[in-house]
Protein chains: 2
Amino acid sequence: MKIGVYGLGRFGSFFASMLAKGGAEVIACSRSPHEAPEGVRLAAEDEVLHADYLFFAVAISSFESVLRKVSDAIGNDTVVLDTCSVKTYPAKWMREILPQETYKIATHPMFGPDSGKYGVKGLPIVMCPISPVDGRYMEIRRYFAGLGLKILEMSEREHDMEAAYSQGVTHFVGRTLKKMGMQPTEIATQGYKALMQIVDQTCNDPEQLFFDLQRYNPYAKEMRLSLQVAIEKVLNRLAEEEDKF
Amino acid sequence: MKIGVYGLGRFGSFFASMLAKGGAEVIACSRSPHEAPEGVRLAAEDEVLHADYLFFAVAISSFESVLRKVSDAIGNDTVVLDTCSVKTYPAKWMREILPQETYKIATHPMFGPDSGKYGVKGLPIVMCPISPVDGRYMEIRRYFAGLGLKILEMSEREHDMEAAYSQGVTHFVGRTLKKMGMQPTEIATQGYKALMQIVDQTCNDPEQLFFDLQRYNPYAKEMRLSLQVAIEKVLNRLAEEEDKF
């Protein structure tokens, strides 16, 4: 089995190396010159686009235009998968842009170079079948399972709803506290230390990921509103308490 | 050395047991009938108020009235310490209400039953001297050190400024996310799991602690405003990004 990874940014490099640990031949290409990640061979774009399984690891906001650019060059028997952190739009783009005959699967590995630093065993990967499930789907599913990943299958909408209120809110809180200028302090409680780690980890990811998570998840706006409403409620409750005195 | 703990709420019970591990005789009393925490003997209020060191472990918002009620009954040679999570007001109350001759120390153990569940070694305790430092201060300081605590000495204002932007913001975020109805999800990222733990831990503490942290810390209001400003900035930045399309 030959796996291609298209895109070697922070996530793509990490993901390609992780895939290589499962024993398949992993090749990768990147817009800009890039060192080969561990266990991965750099290859020409054309070879990558003809692998048995082709993973796109590009920014959500670039995925549509990348697909339009390369779709004609993708092998007829190549299975196409995305790895975007939102699923409704990327799956829609794959359906619209790729030929009907191309076998398509949407995935979201719910981890990255920080959270997967010490191994990915037990970490979740979401799979949303786009083409009817057959042996090609089952083969890559088994490959993920062999890497120790926990496979969760759901619809694109289900994923985005859950992700807006988990990954989405985490990144929003992380970026907000960063903007607030949170600093380490000697008198940090354990809770504050944990919060600082979340800030560091979310802000380690490219800012574009943050924008894309908020912009391309159909439930993100509702999530942000619900966070603002919750803040108002807490502030009102504090005001009520003060009025008691 | 005999140590008295006045108040056996969630924090007081935990703190009394922790103190007992250092080898001193620890006695405690409580408004409502209460089982003796491990290693601690329940005693009459009068005996507790005459211990060598007397720790108050009562809600910040009750501390002033409790002090007024019992100050005449405190032993002349008893060293009085508070354990409140804010320091400016409690220190002011001790100065104003207790006799000038009473030896006073303000403290804030920066941990509790959750964060100290697996031991307190290396966890910080803040000490703000109120009376001029002498052997009585040094004796309890050594006792804290013997328990493995990391001692941090600072002024009451310094503590409150740092605490508003660390413990204060952590509790505010925890309560807000709870109000938003955060739920565990199968697709939780590691970051989201960490955030959920912070929510659970802050909301395990009594709600009164949350109100008091916000109300009695002179810097809490400024912290909350600065959090709101940061949210506005992040939302504006997201709107700018959307306008690019």
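Residues numbered from 1 in each chain as written. Chains lettered and ligands numbered in written order. Predicted model: local features only at pLDDT ≥ 70, side-chain atom pairs only at ≥ 80, totals over all residues. Heavy atoms only, no water.

### Digging into helix α3 (residues 60-70) of chain A
Residue and element names in this part refer to chain A.
Right, so step 1: Burial in α3 covers these residues: Ile 60, Phe 63, Val 66, Leu 67 and Val 70. With its buried residues spanning 105° around the axis, α3 presents them on a single face. Residues Arg 68 and Lys 69 are exposed on α3 and point more than 90 degrees away from its buried face.
Right, so step 2: Against the buried residues of α3 lie β1 (2-6), α2 (45-48), β4 (53-56), β5 (79-82), α4 (88-97) and α8 (207-215). (Buried < 20%, exposed > 50% of the residue type's maximum accessible area, 1.4 Å probe, protein only. Helix = DSSP H or I, 4+ residues; strand = E, 2+ residues; numbered from the N terminus. Arc of directions from axis to C-beta. Contact = heavy atoms within 4.5 Å.)

### Points about the side chain of His 171 of chain A
Residue and element names in this part refer to chain A.
Right, so step 1: Mapping His 171 onto the fold places it in helix α6 (residues 156-179).
Right, so step 2: Under the relative-accessibility criterion, His 171 is labelled buried at 7%.
Right, so step 3: Those residues in contact with His 171 that lie beyond four places of it in its chain are Thr 202, Asp 205, Leu 209, Phe 210 and Leu 213.

### So, the sheet that holds strand β3 (residues 41-42) of chain A
Residue and element names in this part refer to chain A.
Right, so step 1: With mixed pairing, the 8 strands of this open sheet are ordered in space as β3-β2-β1-β4-β5-β6-β7-β8. Each of the sheet's edge strands pairs with one partner strand only, and the pair in question is β3 and β8 (150-153).
Right, so step 2: Judged from the 4 bridges that link them, strand β7 (residues 124-129) and β8 form a sheet pairing that is parallel. Note on β8: the bridge partner recorded for Val 126 is Leu 152.
Right, so step 3: Sitting on the sheet, helix α5 (residues 135-146) touches β1, β4, β5, β6 (104-109), β7 and β8, and the angle it makes with β7 is about 175°. (Pairing = 2+ DSSP bridges. Axes fitted to C-alpha atoms, helices over the stretch in contact; angles between N-to-C directions.)

### Structural notes on the nonpolar core
Right, so step 1: In terms of nonpolar packing, the biggest core is built from 48 residues, with Phe 172 and Leu 177 of chain A together with Phe 172 and Leu 177 of chain B touching the most fellow members.
Right, so step 2: Among the secondary structure elements, those contributing two or more residues to this core are α6, α7 (190-204), α8 and α9 (220-243) of chain A together with α6 (156-179), α7 (190-204), α8 (207-215) and α9 (220-243) of chain B.
Right, so step 3: Residue contacts for Phe 172 of chain A: discarding those within four places in its chain leaves Phe 210, Gln 214, Met 223, Arg 224 and Leu 227 of chain A together with Ile 231, Val 234, Leu 235 and Leu 238 of chain B. (Core = buried A, V, L, I, M, F, W, Y, C linked by side-chain atoms within 4.5 Å.)

### What to know about the relation of the copies chain A and chain B
For the pair of chain copies, the relating operation is a rotation around an axis with a shift along it.
Right, so step 1: Overlaying chain A with chain B gives an RMSD of 0.0 Å, the required rotation being 180° about an axis along which the chain moves by 0.0 Å. One copy is carried onto the other by what is essentially a two-fold rotation axis.
Right, so step 2: Mapped onto chain B, 100% of the interface residues of chain A are again interface residues, and the two copies thus contact each other with one and the same surface. (Least-squares fit on C-alpha atoms with pLDDT ≥ 70 in both.)

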